[in-house]
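Coordinates in review
One letter stands for each residue in the lines below.
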Amino acid sequence: MGLMNSTDTVLDEKAIIAAAEMALSDIAAIRAEIAKVIFGQEKVVENTLLAVLSGGHALLVGVPGLAKTKLVTTLGTVLGLGANRIQFTPDLMPSDILGSEVMDTDDAGRRSFRFIKGPVFAQLLMADEINRASPRTQSALLQSMQEYHITVAGQRYDLPAPFHVLATQNPLEQEGTYPLPEAQLDRFLLQVDVLYPELAAERQILLETTGLSESKARGVIDAARLQEIQVLIRQMPVSDKVVDAILSLVRSARPGHGNAHTDKHVAWGPGPRAGQSLMLTARARALYEGRLAPSLDDVYALAEPVLEHRMALTFAARAEGMSVRDVIAGLVKQARG
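Conventions adopted
- Residues numbered from 1 in each chain as written.
- Predicted model: local features only at pLDDT ≥ 70, side-chain atom pairs only at ≥ 80, totals over all residues.
- Heavy atoms only, no water.
- Helix = DSSP H or I, 4+ residues; strand = E, 2+ residues; numbered from the N terminus.
- Rg over C-alpha atoms; globule rule 2.2 N^0.38 Å.
- Buried < 20%, exposed > 50% of the residue type's maximum accessible area, 1.4 Å probe, protein only.
- Contact = heavy atoms within 4.5 Å.
- Areas by Shrake-Rupley, 256 points an atom, 1.4 Å probe, with all protein chains shown as cover.
- Lys, Arg positive; Asp, Glu negative; His and termini not counted.
- Charge placed at Lys NZ, Arg CZ, Asp CG, Glu CD.
- Axes fitted to C-alpha atoms, helices over the stretch in contact; angles between N-to-C directions.
- Parallel < 35°, antiparallel > 145°, perpendicular 65-115°, else oblique.
- Left-handed = near helix turned anticlockwise from the far one by under 90°.
- Salt bridge = Lys/Arg side-chain N within 4 Å of Asp/Glu carboxyl O.
- pLDDT = per-residue confidence, 0-100.
- Phe/Tyr/Trp six-rings, centres within 6.5 Å; stacked < 30°, edge-to-face > 60°.
- Core = buried A, V, L, I, M, F, W, Y, C linked by side-chain atoms within 4.5 Å.

Topic: the overall build of the chain
Check the secondary structure of the chain and you find 15 helices and 11 strands. Taken over C-alpha atoms, the radius of gyration comes to 22 Å for the chain, in line with the 20 Å a tight globule of 337 residues would show. For the chain, the spread of C-alpha atoms along the three principal axes comes to 75 × 60 × 50 Å. Within the chain, the proportion of its 337 residues that are buried is 47%. Pairs at least 24 residues apart make up 76% of the contacts formed inside the chain by residues separated by at least 6 positions. Element-wise, carbon and sulfur atoms account for 54% of the exposed surface of the chain, whose accessible area totals about 16,900 Å². Here the chain carries 33 positive and 39 negative side-chain charges, and the mean point of each set is 1 Å from the other.

Dropping the structure here:
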């Protein structure tokens, strides 16, 4: 019996290695297709892809015109996902995104209700300017992000699988917006900060997008293949050293847990979901870079996108001009020793 278990383990390892090699090939093709349309922004593309490969949602934060919408549209095409877009506005109602019931009358005159699905029934949902929606509408989206189903008139409707929300947010405009509640922010696996492109990338944007034709991405995989990669990522081994590093980093970001820097500057810190996010995305990053197991570098590289939206500074820290990024950078520096 012991020999059988040992052989099974070897076979499992071989199967995982073979599956990982196939996944590497697919990921390389995905990256190549996205690069045809999105110029520069390698870190943005990487982190957004990591969120999807890990089976989660991402919040893209950046000023208008930085190709956030184009990136999400391109991802839908390349990953073979059914995609919908919702432009959030203050007057958007829950039924506008979830769907609603209508009254039908058959030939015999009998009346019955029929549910018409809203745009949330997609495998990739782009929630554009998500902070413009009212709390009532945001709470409707929150259930779909966490439970992967919605409830209308007491009836449950399951969402397509896989289901990912890629939301965008403009950090400049605050008039007519509703800041996302912490509970909803915590549902985003990563916050992806979209910055201005480098000079060479911006030059390429000007040349490639103002002619008669633009490059278009093609489909590389489908939804079923994406789910296979997501399962593979969850099977990747994580060493005790990496688990300890994740726990240490997340706990050091919470006030009252023995870190003087955090106690002084942080009002509230990340919960256990931050650790779960680091575990998943560290595995995904390892595979993205061609490795079969995550390292400490993966954890530290993902600390900012995982923790940034799960922490808040004290009033005194904000008055000093500090940012959450500064605090996280300090924690990573301490962790690296």
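Points about the packing of helix H2 (residues 42-53) against helix H11 (residues 272-288)
Where H2 contacts H11, the two axes come as close as 9 Å, and the packing angle between them is 120 degrees. Considering the angle they form, H2 stands oblique to H11. Classified by chirality, the crossing of H11 by H2 is right-handed. For the pair formed by H2 and H11, the contact residues are Lys43, Glu46, Leu49, Leu50 and Leu53 on the first element and Thr281, Ala284, Arg285 and Tyr288 on the second.

A look at the pattern of salt bridges
Applying the stated criterion across every chain, the model contains 20 salt bridges. In this structure, Asp26 and Arg225 form a salt bridge, with 2.6 Å as the shortest nitrogen-oxygen distance. With a gap of 199 residues between them, Asp26 in helix H1 (residues 2-35) and Arg225 in helix H8 (residues 223-235) connect regions that are remote in the sequence. In this pair, the class of Asp26 matches that of Arg225, namely buried. Across the pair Asp104 and Arg114 runs a salt bridge whose closest N-O atoms are separated by 2.5 Å. With Asp104 in strand E3 (residues 99-105) and Arg114 in strand E4 (residues 111-117), this pair connects stretches of sequence that are 10 residues apart. A residue is classified by how much of its surface remains accessible, and Asp104, at 25% relative accessible area, is partly exposed. Here the residues in one salt-bridge network are Lys43, Glu46, Arg285, Glu289, Arg291 and Asp298, joined through shared partners.

Some points on the confidence of the model for the chain
As a general rule, the predicted coordinates of low-pLDDT regions are not to be interpreted in detail. Across the chain, the average pLDDT comes to 87, with 97% of residues at 70 or higher. Low confidence marks residues 6-11, where pLDDT is under 50. Its contacts with residues over four positions away, or in another chain, come to zero contacts.

Quick notes on the packing of aromatic side chains
Aromatic rings considered in pairs are described by the distance between their centres and by the relative angle of their planes. The final tally for this structure, using the stated rule, is three aromatic pairs. Plain terms: the ring middles of Phe115 and Phe121 are 6.1 Å apart, the flat faces sit at 65 degrees to each other, and that makes the pair edge-to-face. No difference in accessibility class separates Phe115 from Phe121, as the two residues are buried. Note on Tyr148 and Phe163: the rings are 6.2 Å apart at their centroids and 90 degrees apart in plane angle, and the pair reads as edge-to-face. In this pair, Tyr148 is assigned in the loop between helix H5 (135-147) and strand E6 (149-152) and Phe163 in the loop between strand E7 (155-158) and strand E8 (164-169), connecting sequence segments 15 residues apart. Accessibility expressed as a relative area gives 35% for Tyr148, which makes it partly exposed. For Phe163, a relative accessible area of 3% puts it in the buried group. An aromatic cluster of three or more residues is present, and its members are Phe115, Phe121 and Tyr157.

Let's talk about the nonpolar core
General note: in soluble globular proteins, nonpolar side chains tend to be found buried as a group. Membership of the largest hydrophobic core comes to 69 residues, with the highest contact counts inside it found for Ile34, Leu287 and Leu307. Once you skip the residues sitting within four places of it in the chain, Ile34 turns out to touch Val45, Leu49, Leu71, Thr74, Leu75 and Val78. Grouped together as the second largest cluster of nonpolar side chains are 27 residues, Phe88, Leu92, Ala140 and Leu180 included.

As for unusual backbone geometry
In this structure, the amide linkage connecting Ala161 to the following residue, Pro162, adopts the cis form with an omega of -5 degrees. Along the chain, the position of Pro162 falls in the loop between E7 and E8. Even without being a glycine, Glu129 presents a positive backbone phi close to 50 degrees. Structurally, Glu129 can be placed in the loop between strand E5 (124-128) and H5. Assessed through its relative accessible area of 21%, Glu129 is described here as partly exposed. The phi dihedral of Ala153 is positive, around 55 degrees, even though this residue is not glycine. Among the secondary structure elements, Ala153 is positioned in the loop between E6 and E7.

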